[in-house]
Amino acid sequence: MTTMEGDVAFNFGPQMTKSYTLKINDMKKTLISLAAVITLVGCHNSPLKPEDALVKQDKIYASKLITPAPGTVPVLIQRPAAHLGWPWTAYIYVDGKYAAEMDNGQRMSIHLPFGRHQIGVKVYDSNAPAGPLREVEVSIVEGDTYAFKVFLPTYSGFEIQRDYQPG
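As the structure is a computational prediction, the values presented were derived from the model and not from experiment. Numbers given for residues are sequential positions, taken from 1 along each chain in its written order. Since the coordinates come from a predicted model, pLDDT governs what is reported: local features require at least 70, and pairs of side-chain atoms require 80 or more to be given and counted, while whole-chain, interface and lining totals use all residues. Calculated side-chain values reflect all of the structure's heavy atoms, with hydrogen atoms and water omitted.

Asks: Provide a residue-level description of the side chain of Gln106, including the pertinent values.
Replies: Inspection of the secondary structure assignment puts Gln106 in the loop between strand E6 (97–102) and strand E7 (107–113). Under this definition, polar contacts are N or O atom pairs within 3.5 Å; protein pairs additionally need one hydrogen-donor-capable and one acceptor-capable atom, and for neighbouring residues in sequence, both atoms have to be side-chain atoms. At 2.9 Å, the side chain of Gln106 forms a polar contact with the backbone nitrogen of Asp103. In this text, helices come from DSSP runs of H or I with a minimum length of four residues, and strands from runs of E with a minimum of two, each type numbered from the N-terminal end.

Right, here's the structure in full:
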């Protein structure tokens with residue numbers, strides 16, 4: 001093998017009479033470009049259609065929570081479309097009871113009566129142990145607006161937090 005500054009020359013033996021030279025800088029540029037393309041293609045999410053952004057009625061198990069009633073306030077729970085955790089379903093709990101299933105990029109509105117409530121989220125993964133139930137406590141009062149965001153900050157489980165800028 002013959003080395004020149006910035007080049008690597010390969011000689012494939014006596015049966016081949018031609019030497020092939022590969023420029024190291026060109027190879028680096030090619031590898032960086034290839035990595036960028038793979039990253040962009042691997043992270044591509046197609047946009048959700050508006051009808052797909054709502055949690056389907058058959059995925060809401062606490063049906064009394066989806067109907068407005070006197071003495072209740074609407075509460076928006078949304079799971080922004082994200083790359084981390086996108087294939088997993090988030091299981092929503094209200095006051096310790098299993099309430100709904102939410103996929104990536106979906107949202108739902110529930111109606112909670114005035115008073116203190118726990119809203120929680122948990123993930124079940126068939127390939128790993130279930131993540132912990134993460135809950136937030138909220139005091140529902142008449143006339144206020146409530147929105148919560150479900151997200152996966154790390155692979156340790158979903159989080160839920162009050163979102164003051166829903167949308």
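Asks: I'd like a description of the sheet that holds strand E5 (residues 90–94), backed by residues and values.
Replies: At least two DSSP bridges between two strands are needed for those strands to be called paired. Pairing within the open sheet is antiparallel, and its four strands lie in the order E6-E5-E8-E9. With one partner strand each, in any of the chains shown, E6 and strand E9 (134–140) form the two edges of the open sheet. Pairs of neighbouring strands in the sheet enclose a mean axial angle of 25°, with direction left out of account. Relative to strand E8 (residues 115–123), E5 is paired through five bridges, and the arrangement is antiparallel. The residue bridging Ala90 from the neighbouring strand is Val123, located in E8. The axes used here are C-alpha line fits, helices contributing only the stretch in contact, and every angle between their N-to-C directions lies in the interval 0 to 180 degrees.

Asks: Help me get a handle on unusual backbone geometry, residues and values and all.
Replies: One non-glycine residue, Asp95, lies in positive phi territory at about 55°. Secondary-structure assignment places Asp95 in the loop between E5 and E6. Its relative accessible area of 38% is what places Asp95 among the partly exposed residues. Burial classes follow relative accessibility: with a 1.4 Å probe on protein chains only, a residue under 20% of its type's maximum area counts as buried, one over 50% as exposed, and anything between as partly exposed.

Asks: Can you tell me about the layout of surface pockets, naming the residues and giving the values?
Replies: A cavity here means a set of points on a 1 Å grid, drawn over the protein atoms and nothing else, where a 1.4 Å probe fits but cannot get out; a pocket is an open set with protein on both sides within 12 Å along at least five of seven lines, and a residue lines either one if it has an atom within 4 Å of a point. Grid points are joined across faces, edges and corners, and a volume is the space filled by probe spheres set on the points. Considering only enclosed or pocket space, the largest pocket measures out at about 170 Å³ in volume. Considering the residues around the largest pocket, the lining is formed by Ala62, Lys64, Leu65, Val94, Asp95, Lys97, Tyr98, Leu112, Pro113 and His117. Those elements that place two or more of their residues in the lining of the largest pocket are E6 and E7. Polar here means any residue other than Ala, Val, Leu, Ile, Met, Phe, Trp, Tyr, Cys and Pro, which are nonpolar, and Asp, Glu, Lys and Arg, which are charged; Gly is therefore polar. Partitioning the lining of the largest pocket into residue classes produces six nonpolar, one polar and three charged.

Asks: Pulling in residues and values, what's your account of the sheet that holds strand E4 (residues 72–78)?
Replies: With mixed pairing, the four strands of this open sheet are ordered in space as E7-E4-E10-E11. On the outer flanks of this sheet lie E7 and strand E11 (157–162), each paired with one strand and no other. Within this sheet the neighbouring strands show an average axis-to-axis angle of 30°, counted without direction. Here E4 pairs with strand E10 (residues 146–154) via four bridges, running parallel. Paired with Ile77 across the bridge in E10 is Phe148.

Asks: Lay out the nonpolar core with the relevant residues and their values.
Replies: Looking at soluble globular proteins, one finds that nonpolar side chains tend to be buried together. Think of a nonpolar core as a cluster: buried Ala, Val, Leu, Ile, Met, Phe, Trp, Tyr and Cys residues, connected wherever their side-chain atoms sit within 4.5 Å. In terms of nonpolar packing, the biggest core is built from 28 residues, with Val75, Ile77, Met108 and Ile119 touching the most fellow members. Listed by contribution, the elements that provide at least two residues to this core are E4, E5, E6, E7, E8, E9, E10 and E11. Counting residues per element, this core draws most heavily on E10, at four residues. Other than its neighbours up to four places away in sequence, Val75 contacts Met108, Ser109, Ile110, Leu112, Ile119, Ile140, Tyr146 and Phe148. Residues count as neighbours in contact if any of their non-hydrogen atoms are within 4.5 Å of one another.

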